[in-house]
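A look at the structure
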Protein chains: 2
Amino acid sequence: MLYLVGLGLSDETDITVKGLEIVKKASRVYLEAYTSILLVNKEVLESYYGRSIIIADREMVESSSDDILANAQTEDVAFCVVGDPFGATTHTDLVLRARELGITVASVPNASIMSGIGACGLQLYNFGQTVSMVFFTDEWRPASFYDRIKENRDIGLHTLVLLDIKVKEPNLASLARGRIVYEPPRYMTVGTCAKQMLEIEAERKEGVYGEDSLAIGAARVGGREQVFVAGTLKELCEADDALGPPLHSLVLLGRRTHELENDFVREFAVDKEKWQRIWAAEYQNKH
Amino acid sequence: MLYLVGLGLSDETDITVKGLEIVKKASRVYLEAYTSILLVNKEVLESYYGRSIIIADREMVESSSDDILANAQTEDVAFCVVGDPFGATTHTDLVLRARELGITVASVPNASIMSGIGACGLQLYNFGQTVSMVFFTDEWRPASFYDRIKENRDIGLHTLVLLDIKVKEPNLASLARGRIVYEPPRYMTVGTCAKQMLEIEAERKEGVYGEDSLAIGAARVGGREQVFVAGTLKELCEADDALGPPLHSLVLLGRRTHELENDFVREFAVDKEKWQRIWAAEYQNKH
């Protein structure tokens, strides 16, 4: 049997009791370690679970899924995923491959950033589609998020923006010389996200959002050190110090915002008076 | 301290290890029991947690929140919520009241139906806003869900429909005679939801969806007895036997559907050949 076990959002104690029982008994335990990370490292998990863990990087999951699934017709394999097991497309592939091989699949759900973000005080049913933001380079500035955010904003909804993480990226200069050297991991911050958003608005000029649009920076959602900083996109460009270490996410406010949501979120504002002024002028009863 | 503890979606072992530690140590343990239910009863939870549990019904949470928060400045109170603690508006109220009283609040996230629904094989980032469906009566047929679904469909997104539950509803005839007698709990099924959806389409005639629209009925998501049945809305009107006991939810497919999502979902179809035919004609590359 293949078990997809969600690990939740922050540390070793966020696994469910059901998930922990499966991990303790499985023949092999994998940890998917490239679409998200916990705030604790592999050794902490191994010690807490009492099991050794095989790190499954992107290449292993995408190219060597049959190794992961070996003998799972008769043995139990635990494939652990940060957050909820169905947060990322790759795991759908793994399940489809397991089906082809006649392997039964079960999943153990857990908190996902897509639901955990509710802790910022915005109502989950007021969110539209979730978008992703990647690190821009000189040559590659994918901006499909802009069109998606526009769709959400047009109907008044909030948008959760998930931020890029780069783990186990090969250094290109070394690669050209035939050696594989990995770059240190990089995690996009709210500041970088807000700046990239404003760059694209400056190019596209469709008024989807602007420097004074209200947003919430979120750090380590679901963890003991969870932090929210609310402000304008311009203010959030400078909020990285207040937010602290990764992982970060950002929420852009929609205009279909309830009074109660504003009461909750305003407490996190860099400048409460400014937040309230913009909210009253641009958001309240504006949809 | 007030702890909002998510219990997850199905049984007593879906609590996280972190949540269980808090519940075991808290001065008082409440269970919010009106916006959703677990698939096990209070006694199972009490035995598993080793604690007695106070059921918090809607009236208590909305009118007597200060009783729940009593002494939480100095003691730990655990307020347990099925799914994730921020799934329902009422808990936002409780947090705001706690803030007023100078009580520190922490939350322990867990799986929510809004992320757990990913187990059906549709990608979470292809979902638009979530809607709710209540039991229609002769006098009251709220159809705001129709407009919301239209917004999602217009931009190609899937819609998760959460279905009404009625617990502790007073019997109106008894109430008129001055006695409070509670009706047995009622949980909306996928069949009722699909019929009510088609009734509203028949009235509004905006072509938001129809009898041949593809959808997925979901039962006991996240539980060991999780079932998905995929089919047209007309087929899902008759799928309650295949789905089994509560809780049910429904997903209406959007046209921005990836090939891989279809591969995954088709396995659950009442009639795989028919599903594929409609998918190819009406969904594939149609957005």
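If you look chain A up in an unreviewed UniProt entry, it shows as Diphthine methyl ester synthase from Sporothrix schenckii. According to the UniProt record, the Catalytic activity (unreviewed entry) comment for chain A is "2-[(3S)-amino-3-carboxypropyl]-L-histidyl-[translation elongation factor 2] + 4 S-adenosyl-L-methionine = diphthine methyl ester-[translation elongation factor 2] + 4 S-adenosyl-L-homocysteine + 3 H(+)". Comment text from UniProt for chain A, heading Function (unreviewed entry), reads "S-adenosyl-L-methionine-dependent methyltransferase that catalyzes four methylations of the modified target histidine residue in translation elongation factor 2 (EF-2), to form an intermediate called diphthine methyl ester. The four successive methylation reactions represent the second step of diphthamide biosynthesis."

Focus on the layout of surface pockets
Using a probe with the size of a water molecule, rolled over the atoms, empty space left in the structure can be pinpointed. Residues and elements named next belong to chain B. Of the pockets and cavities examined, the second largest pocket occupies roughly 1300 Å³. Secondary-structure elements contributing two or more residues to the lining of the second largest pocket are α5 (89-100), α6 (113-116), β6 (131-133), α7 (144-154), β7 (159-163), β10 (214-219) and β12 (248-252). Taken together, the residues of the lining of the second largest pocket break down into 26 nonpolar, 15 polar and six charged.

Remarks on empty space enclosed by the protein
A complete count under the given rule lists three cavities of 30 Å³ or more for this structure. There is about 220 Å³ of room inside the largest cavity. Along its surface, the largest cavity is lined by 16 residues, and Met114, Gly128 and Thr130 of chain A together with Met114 and Gly128 of chain B are the ones closest to its centre. Across the lining of the largest cavity, the residue classes break down as 10 nonpolar, six polar and no charged. Reported here for the second largest cavity is a volume of approximately 50 Å³. In terms of residue class, the lining of the second largest cavity is made up of five nonpolar, four polar and one charged.

Concerning the UniProt feature "binding site: S-adenosyl-L-methionine" (unreviewed entry) in chain A
Residues given the UniProt feature "binding site: S-adenosyl-L-methionine" (unreviewed entry) here are Leu9, Asp84, Gly87, Ser112, Ile113, Leu163, Val221 and His248 of chain A. Lining residues of the second largest cavity drawn from the annotated list: Asp84 of chain A. Among the secondary structure elements, Asp84 of chain A is positioned in the loop between β4 (77-81) and α5 (89-100). When sequence neighbours within four positions are dropped, the list of residues in contact with Asp84 of chain A reads Pro109, Asn110, Ala111 and Ser112 of chain A together with Ser115 of chain B.

Focus: the sheet that holds strand β2 (residues 28-32) of chain B
Residue and element names in this part refer to chain B. Pairing within the open sheet is parallel, and its five strands lie in the order β3-β2-β4-β1-β5. This sheet does not close on itself; its edge strands, each paired only once, are β3 (54-56) and β5 (105-108). Pairs of neighbouring strands in the sheet enclose a mean axial angle of 25°, with direction left out of account. Bridge count between β2 and strand β4 (residues 77-81): five bridges; the pairing is parallel. In the sheet register, Arg28 faces β4, and the bridge partner there is Val77. Sitting on the sheet, helix α1 (residues 17-25) is in contact with β1 (2-6), β2, β4 and β5, with an inclination near 135° to β1.

So, helix α9 (residues 190-204) of chain B
Residue and element names in this part refer to chain B. If you check α9, its first and last C-alpha atoms are 21 Å apart, about what 15 residues at 1.5 Å a residue would give, namely 21 Å. Within α9 the residues assigned to the buried category are Val190, Gly191, Cys193, Ala194, Gln196, Met197, Leu198, Ile200 and Glu201. Where α9 terminates, the next one or two residues include Lys205, which has phi positive at roughly 55°.

Points about the interface of chain B and chain A
Taken together, the contact between chain B and chain A spans 50 residues of the former and 50 residues of the latter. A combined buried area of about 4300 Å² lies between chain B and chain A, and 59% of that area is made up of carbon and sulfur atoms. For Glu151 of chain B, the salt bridge identified is with Arg256 of chain A, shortest N-O distance 3.0 Å. Taken together, the connections running from chain B to chain A amount to 20 residue pairs in polar contact (both at pLDDT 80 or more). Looking at which element gives the most residues to the side of chain B that touches chain A, the answer is α5 of chain B, with six residues. Tallied by class, residues from the side of chain B that touches chain A come to 21 nonpolar, 16 polar and 13 charged.

Some words on the relation of the copies chain B and chain A
Least-squares fitting of chain B to chain A yields an RMSD of 0.0 Å, with the superposition described by an axial translation of 0.0 Å and a rotation of 180°. Overall, the copies show the geometry of a two-fold rotation axis. Here 100% of the interface residues in chain B have copies in chain A that are interface residues too; the copies meet face to matching face.

So, the domain arrangement of chain A
All names here are of chain A. When the domains of chain A are assigned, the result is domain 1 (2-111) and domain 2 (114-283). The interface of domain 1 with domain 2 comprises 12 residues on the first partner and 12 residues on the second. Both sides of the domain 1 and domain 2 interface together cover about 890 Å² of buried area, and 62% of this is carbon and sulfur. Broken down residue by residue, the surface that domain 1 buries against domain 2 is led by Leu9, Ile37 and Leu39, which jointly contribute 46%. Taken together, the connections running from domain 1 to domain 2 amount to one salt bridge. Where Arg224 meets Asp11, a salt bridge forms, and the shortest distance between an N and an O atom there is 3.6 Å. In this assembly, domain 1 and domain 2 are joined by zero residue pairs in polar contact (both at pLDDT 80 or more). When its residues are assigned to classes, the side of domain 1 that touches domain 2 shows five nonpolar, four polar and three charged.

Description of the nonpolar core
Ranked by size, the top nonpolar core spans 92 residues in total, and within it Phe79, Ile117 and Ile216 of chain A together with Phe79, Ile117 and Ile216 of chain B carry the most contacts. Residues contacting Phe79 of chain A, with those up to four places away along its chain left out, are Leu2, Tyr3, Leu4, Val5, Tyr30, Glu32, Ala56, Val61, Ile68, His91 and Leu94 of chain A.

A few points about the packing of α7 of chain B against α9 of chain B
Residues and elements named next belong to chain B. Running from N to C, α7 and α9 point in directions that differ by 85°, and their axes come no closer than 10 Å. Comparing the axis directions of α7 and α9 gives the class roughly perpendicular. In this structure, α7 uses Phe145, Tyr146, Asp147 and Ile149 to contact α9, whose residues at the interface are Gln196, Met197, Ile200, Glu201 and Arg204.

Scoring rules and cut-offs
- Residues numbered from 1 in each chain as written.
- Chains lettered and ligands numbered in written order.
- Predicted model: local features only at pLDDT ≥ 70, side-chain atom pairs only at ≥ 80, totals over all residues.
- Heavy atoms only, no water.
- UniProt positions renumbered as here; feature names shortened; annotations may be inferred.
- 1 Å grid on protein atoms, 1.4 Å probe; cavity = no way out; pocket = protein on both sides within 12 Å on 5 of 7 lines; lining within 4 Å.
- Points joined across faces, edges and corners; volume = space filled by probe spheres on them.
- Helix = DSSP H or I, 4+ residues; strand = E, 2+ residues; numbered from the N terminus.
- Nonpolar A, V, L, I, M, F, W, Y, C, P; charged D, E, K, R; others polar.
- Contact = heavy atoms within 4.5 Å.
- Pairing = 2+ DSSP bridges.
- Axes fitted to C-alpha atoms, helices over the stretch in contact; angles between N-to-C directions.
- Expected span 1.5 Å × (residues − 1).
- Buried < 20%, exposed > 50% of the residue type's maximum accessible area, 1.4 Å probe, protein only.
- Buried area = accessible area lost by both parts, 1.4 Å probe.
- Salt bridge = Lys/Arg side-chain N within 4 Å of Asp/Glu carboxyl O.
- Polar contact = N/O pair within 3.5 Å; in protein donor to acceptor, adjacent residues only side chain to side chain.
- Least-squares fit on C-alpha atoms with pLDDT ≥ 70 in both.
- Domains from an automatic or database assignment.
- Core = buried A, V, L, I, M, F, W, Y, C linked by side-chain atoms within 4.5 Å.
- Parallel < 35°, antiparallel > 145°, perpendicular 65-115°, else oblique.

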